[in-house]
Amino acid sequence: MATKIGKNIILSDFTATTNRQTFKICLMSDLHWDNPKCDRKKLKSDLDYCLKNSIAIAINGDFFCLMQGKYDPRRNKVDIRPEHNKVNYIDAVIKDAVDWFKPYAHLIEFIGYGNHETGIIKNLETDPLQRFVDLLNYEMKTDIQTGAYGGWYRLRFNRKNSNGIALYDIKYFHGSGGGGIVTRGEINLTRMSEMIDGADMHWIGHVHESKETIRVKEYLTSKGQVKQRQVLSVITPPYKEEYGDGSFGWHVQRGAPPKPIGCRILELDYHKKENETTLYARTYQL
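Now for a description of the structure that goes with this document. The shown structure was predicted, so the numbers you read here are calculated from the model rather than taken from an experiment.

**Side note on the pairing of strand β3 (residues 20-28)**
Here is step 1 of the chain: Here β3 runs beside strand β12 (residues 264-273); their pairing, made up of 8 bridges, is antiparallel. Its bridge partner being in β12, Phe23 is matched across the sheet by Leu268.
Here is step 2 of the chain: Note that β3 and strand β4 (residues 56-60) share 4 bridges and pair parallel. Bridged to Cys26 within β4 is Ile57.
Here is step 3 of the chain: Chirality of the crossover, the property in question, places the unit of β3, helix α1 (residues 40-53) and β4 among those that are right-handed.

Shown next as structure tokens:
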């Protein structure tokens, strides 16, 4: 399981039992779990896949939607699930979510904040994500970490009974802006690539797209060797399907297109040969 080694740094350790081994991590964001438009059938299918294959899960913001509170100008009666239509609306959502995610709690590494969670903190002065994580950890005796809106997720790999540690550093940021119909979030990824140094992967959500872009960077080693390395730039899709039949709704009125639904699996091939350890990374949509 993951541990927190700084305010916005999550560390997760993996042990390779052979010189060549593949590790997988499920990257999720924008579940909007309590929204009626959340595709819970697809979400459950993906979570069950992770459960069956013992795949760790990381979540990059907007776990909750939580837009139906008394003082939220976005509230709409059709956008609240019947079981959450109570006087203690926020409490009802959190308790229901704890029960729903219990089978998967031991797989979850961390959950970061999105604009929906920070909006509740700002307007209602309560932290729904921390409350959810604390209650789930208490009931399931797990150690899920609460991430940040933007932070680092460091994966550390070691060979069992051997020296030689390989690190894979992911810079995650929930996201900002709306994401253009043409660029589909690519500008956001380019900004991260220009602004953040040293990351093996940049990961955002928020714009409800799904893609992987590979950037190749040249660097000079401490021994004076010129080498190249691949840096992945990844956007994870949502589970909230807002387009429907394209007839009505805020999503349709602003001219937004249908969006992909699901998550992306990060696959890391660990390869140790003599004194050199290499990690080959790629992602694909589940």
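**Quick look at the nonpolar core**
Here is step 1 of the chain: Met28, Phe63, Phe101 and Phe132 are the most contacted members of the largest nonpolar core, which has 38 residues in total.
Here is step 2 of the chain: Elements with a minimum of two residues in this core: β3, α1, β4, α2 (89-101), β5 (108-112) and α4 (128-140).
Here is step 3 of the chain: Element by element, the count of residues in this core is highest for α2, at 7 residues.
Here is step 4 of the chain: Every residue in contact with Phe63, bar those within four places of it in the chain, is listed here: Leu31, His32, Trp33, Ala97, Phe101, Ile111, Glu117, Leu129 and Phe132.

**Overview of the sheet that holds β5**
Here is step 1 of the chain: Overall, mixed pairing links the 6 strands, which are arranged β6-β5-β4-β3-β12-β13 in an open sheet. Here the strands that pair on one side only, and so sit at the sheet edges, are β6 (145-146) and β13 (276-285).
Here is step 2 of the chain: Of the strands in this sheet, β3, β4 and β13 touch α1, which is tilted by about 155° from β3.

**Things to note about the sheet that holds strand β11 (residues 226-235)**
The strands making up a sheet are joined through hydrogen bonds of the backbone, oriented either antiparallel or parallel.
Here is step 1 of the chain: The 7 strands lie next to each other as β1-β2-β7-β8-β9-β11-β10, forming an open sheet whose pairing is mixed. A single partner strand is all that each edge strand has here, and the edge strands are β1 (2-6) and β10 (211-220). Averaged over all neighbouring strand pairs, the angle between strand axes comes to 25°, with direction disregarded.
Here is step 2 of the chain: Here strand β8 (residues 165-173) runs beside strand β9 (residues 201-204); their pairing, made up of 4 bridges, is parallel. Within β9, the position partnered with Phe173 by the bridge is Ile204.
Here is step 3 of the chain: Across the sheet, helix α5 (residues 186-195) lies against β8, β9, β10 and β11, angled at about 20° from β10, the strand it touches most.

**Focus on the pairing of β11**
Here is step 1 of the chain: By the bridge criterion, 4 bridges tie β9 to β11 in an arrangement that is parallel. Considered in β11, the bridge of Ile204 is made with Ile235.
Here is step 2 of the chain: The pairing of β10 with β11 spans 10 bridges and is antiparallel. Residue pairing across strands places Tyr219 opposite Lys227, the latter belonging to β11.
Here is step 3 of the chain: With antiparallel pairing between neighbouring strands as the criterion, β10 and β11 make up a hairpin whose turn holds 5 residues, including Gly224 at a positive phi of roughly 80°.

What counts and what doesn't
Residues numbered from 1 in each chain as written. Predicted model: local features only at pLDDT ≥ 70, side-chain atom pairs only at ≥ 80, totals over all residues. Heavy atoms only, no water. Pairing = 2+ DSSP bridges. Helix = DSSP H or I, 4+ residues; strand = E, 2+ residues; numbered from the N terminus. Right-handed = clockwise from strand over helix to strand, strands pointing away. Core = buried A, V, L, I, M, F, W, Y, C linked by side-chain atoms within 4.5 Å. Buried < 20%, exposed > 50% of the residue type's maximum accessible area, 1.4 Å probe, protein only. Contact = heavy atoms within 4.5 Å. Axes fitted to C-alpha atoms, helices over the stretch in contact; angles between N-to-C directions.

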